[in-house]
Structure formats: C-alpha cells, structure tokens
Amino acid sequence: MPELPEVETTIRGLNNYLQKGIIEKVNVFRADLRYEIPSDLTQKLKWGTIHSITRRSKYIVVEIDNKNSTFTALIHLGMSGSMQIEKSPTRLNKHDHVEWVIMTSSGRYYLRYNDPRRFGCIVMQQGNAFEVLKSHKLTNKLGPEPLTSDFNSEYLVMKIHNRKSSIKQLIMNQHIVVGVGNIYASEALFLAKVNPHLLGNSITDHQAKLIVVMIKMVLKKAIEKGGTTLRNFVNSEGKPGYFQQELWVYGREGLLCKKCLKVNIEREVIAQRSTFYCPNCQYINKK
DNA sequence: CGTAGCGCCTGCCGGC
DNA sequence: TGCCGGCAGGCGCTAC
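Being a predicted model, the structure only gives us computed values, none of them experimental.

Our next topic: the protein's contact with DNA strand B. Neighbouring DNA strand B are the residues K94, H95, P116, R117, R118, F119, R163, K164, S165, Q169 and Q272. Across the atoms of DNA strand B situated within 4 Å of the protein, the share located in sugar and phosphate is 62%. The side chain of R117 places a nitrogen or oxygen atom 2.8 Å from a base oxygen of DNA strand B. At a separation of 2.3 Å, a phosphate oxygen of DNA strand B approaches a polar side-chain atom of R163. Broken down by class, the residue content of the surface near DNA strand B amounts to two nonpolar, four polar and five charged.

In structure tokens, the structure reads:
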C-alpha cells in the first residue's frame with residue numbers, strides 16, 4: 001500500500017517522538033510476515049539506542065546502537081502495513097504484529113507495526129545503515145531516489161531506451177527508480193501526458209524529461225499532504241493523508257477527466273496492476 | 001540479461 | 001442474510 005510519500009510521512013512522525021530513544025522491550029506477537037522475524041530480534045535490540053530513523057526506497061531504516069555493536073533494521077510496510085505510536089499501553093489492534101517499548105527524554109512510547117496482509121517484512125543485520133543498505137539482498141540493487149539529482153532524464157533514457165516493457169511498469173521498477181508505486185505511476189504519467197501503454201523504447205527525450213519532472217512533483221506534493229489515504233493508511237500519529245483529494249486519475253474510472261473535461265478516465269490492467277489514464281490527455285499519436 | 005506471470009494474505013464491497 | 005468474485009498502495013521468485 002504505502003509508496004514513498006506514505007513511508008516518508010511515517011518516518012517523519014517516528015522522528016518526532018523516538019530520537020535517541022532506548023528500546024526497553026520488543027514484543028513479537030506474530031513473526032510470520034513475508035519473512036519470519038528472527039527469533040533473536042528481541043534480545044539483540046534490548047537496551048539498544050535508536051541512532052537514526054531514515055528512509056531508503058519504501059524501507060524504513062532504523063539504526064540501533066547496542067553496547068559495542070550496531071544493528072540496522074529494514075522495515076517494509078508491504079501493501080497494507082503501517083506504524084503507530086501510542087503514549088500508553090492501549091489495547092492492541094487486530095494485526096498489530098510487533099511492539100517496541102521505547103523510553104525517550106519526553107516519555108515512554110509504544111511503537112506498533114500493523115499489517116493485515118503480512119506482505120511487509122522486518123529484517124535485521126549487523127552494521128550501520130549505510131553498510132546494511134549496501135550489502136543486504138533486499139536493498140543492494142535498488143535504483144536512485146527519485147527526489148535526488150541522480151534521477152534525471154539522461155539516466156532514465158539510459159535505463160529504458162531498449163526496454164520493451166510499458167513505461168508504467170518501468171517507472172514502478174525499483175531497480176530503475178525507487179518509491180513510485182501504483183498510484184503515483186498513473187498520476188505522474190497523466191501529468192506528463194504520456195500514455196501508460198507506451199513501451200520504454202518508444203519514449204522520446206522530451207517525454208522522459210516530463211516524466212522525471214512529474215514524478216518528482218507528484219511525490220513532493222503528496223509528502224506535503226501527508227500521503228494518500230484510500231482505505232486505512234494512517235501516519236504514525238494515527239492521522240490519514242490528504243493527497244487523495246488531488247488525484248487526477250487514480251481510482252477515477254468512468255469519471256470525467258478533471259483536466260480536459262471531455263472524456264472519462266479509463267482503467268486497464270497493465271502487468272496485473274490497475275492503471276488509470278485519460279485517453280484524451282494521454283492520447284497516443286500514431287504516425 | 002529482460003520479460004511475464006504467480007503467489008503470498010486479509011478485508012471490503014457489490015451483486016445475486 | 002450469506003456466499004462469491006473481484007479488487008486492493010508490493011515485490012520476490014520462477015520459468016522461459
């Protein structure tokens with residue numbers, strides 16, 4: 001579920017409360033997520049200090065110092081995950097799988113990992129965040145962050161110019177650029193006026209420039225709005241995002257295009273994922 | 001190497 | 001009311 005803006009919103013919330021916190025206890029209620037949570041996680045993290053909470057791609061990256069060693073946890077929210085902070089040990093919600101009890105200078109907090117579908121994961125490896133991201137199988141082949149200058153149109157053209165997949169699939173490919181998921185892929189292509197069916201090898205330099213600009217723009221605006229809440233995404237303080245009000249095409253099948261006001265938004269399945277576009281604004285010019 | 005398809009799992013919604 | 005199909009913000013694995 002969460003794409004880059006929702007994960008970014010989540011880590012900003014966590015950093016508001018948990019900086020330099022000490023992990024007093026870890027409770028694992030259910031370990032069978034995408035990968036089994038290692039059974040020594042509890043013991044290894046106990047009395048560790050949270051050194052940093054950052055984001056890489058859609059992973060929440062938590063670096064923890066403990067005695068003479070450093071560990072880094074990579075937390076992925078999958079399709080339906082979220083993290084929430086409670087100020088008191090309230091009753092657990094359904095699908096709360098892990099809880100960290102964290103003591104900070106402003107008090108004790110209960111951080112819960114909730115994930116109904118359990119497509120998310122929590123993995124941990126010895127080393128600091130940089131070392132683990134560079135070496136871990138899940139993160140060592142990731143493409144550039146979309147909001148950095150490493151992601152530019154020259155790079156994108158280089159990665160897609162000989163690809164036969166659709167541009168929609170390519171911008172969702174985390175080896176090409178990270179963070180773009182199913183909502184923001186449709187939105188960015190709409191803003192760039194590029195039809196999602198177009199193949200990578202047919203994208204012009206001009207279109208690549210627009211795609212890059214629009215990916216950056218849509219992600220930045222979504223972060224400002226606290227992300228998109230379709231069903232149940234809430235940030236770490238339990239509040240929803242507000243970007244769904246600004247969506248041009250996602251989830252608007254059969255509704256009038258808000259830009260051209262001429263035709264209805266269409267939904268088609270591309271690579272097993274719902275794809276929304278305006279057949280007028282994103283018309284394919286066949287020569 | 002690139003591409004296509006499957007499967008992991010729970011919940012919700014609409015139609016009958 | 002209940003059952004069933006379809007759908008859901010991700011991504012790794014496999015086969016070709």
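Examined against the element boundaries, T72 turns out to sit in strand β4 (residues 69–76). Overall, the relative accessible area of 0% leaves T72 in the buried class. Of note is the side chain of T72, whose polar atom sits 3.4 Å from the backbone oxygen of N128. Contacts of T72, omitting those with residues within four sequence positions, involve V61, V62, E63, V123, M124, Q125, G127, N128, A129 and V132.

This part takes up the domain arrangement of chain A. Often the size quoted for an interface is simply the accessible area lost on bringing the parts together. Here chain A is partitioned into domain 1 (4–135) and domain 2 (153–277). Between the C-alpha centres of domain 1 and domain 2 there is a distance of 29 Å. Contacts between the two partners involve 19 residues from domain 1, matched on the other side by 19 residues from domain 2. The largest per-residue losses of area from domain 1 upon contact with domain 2 belong to P5, E6 and T9, which jointly make up 32% of the total buried on that side. Seen at the junction of domain 1 and domain 2, the total is zero salt bridges. Where domain 1 meets domain 2, there are six residue pairs in polar contact (both at pLDDT 80 or more). Where the side of domain 1 that touches domain 2 is concerned, the elements lending two or more residues are α1 (4–18) and β5 (82–86). Taken together, the residues that form the side of domain 1 that touches domain 2 break down as seven nonpolar, seven polar and five charged.

About the cut-offs
Residues numbered from 1 in each chain as written. Chains lettered and ligands numbered in written order. Predicted model: local features only at pLDDT ≥ 70, side-chain atom pairs only at ≥ 80, totals over all residues. Heavy atoms only, no water. Near = heavy atom within 4 Å. Polar contact = N/O pair within 3.5 Å; in protein donor to acceptor, adjacent residues only side chain to side chain. Nonpolar A, V, L, I, M, F, W, Y, C, P; charged D, E, K, R; others polar. Helix = DSSP H or I, 4+ residues; strand = E, 2+ residues; numbered from the N terminus. Buried < 20%, exposed > 50% of the residue type's maximum accessible area, 1.4 Å probe, protein only. Contact = heavy atoms within 4.5 Å. Domains from an automatic or database assignment. Buried area = accessible area lost by both parts, 1.4 Å probe. Salt bridge = Lys/Arg side-chain N within 4 Å of Asp/Glu carboxyl O.

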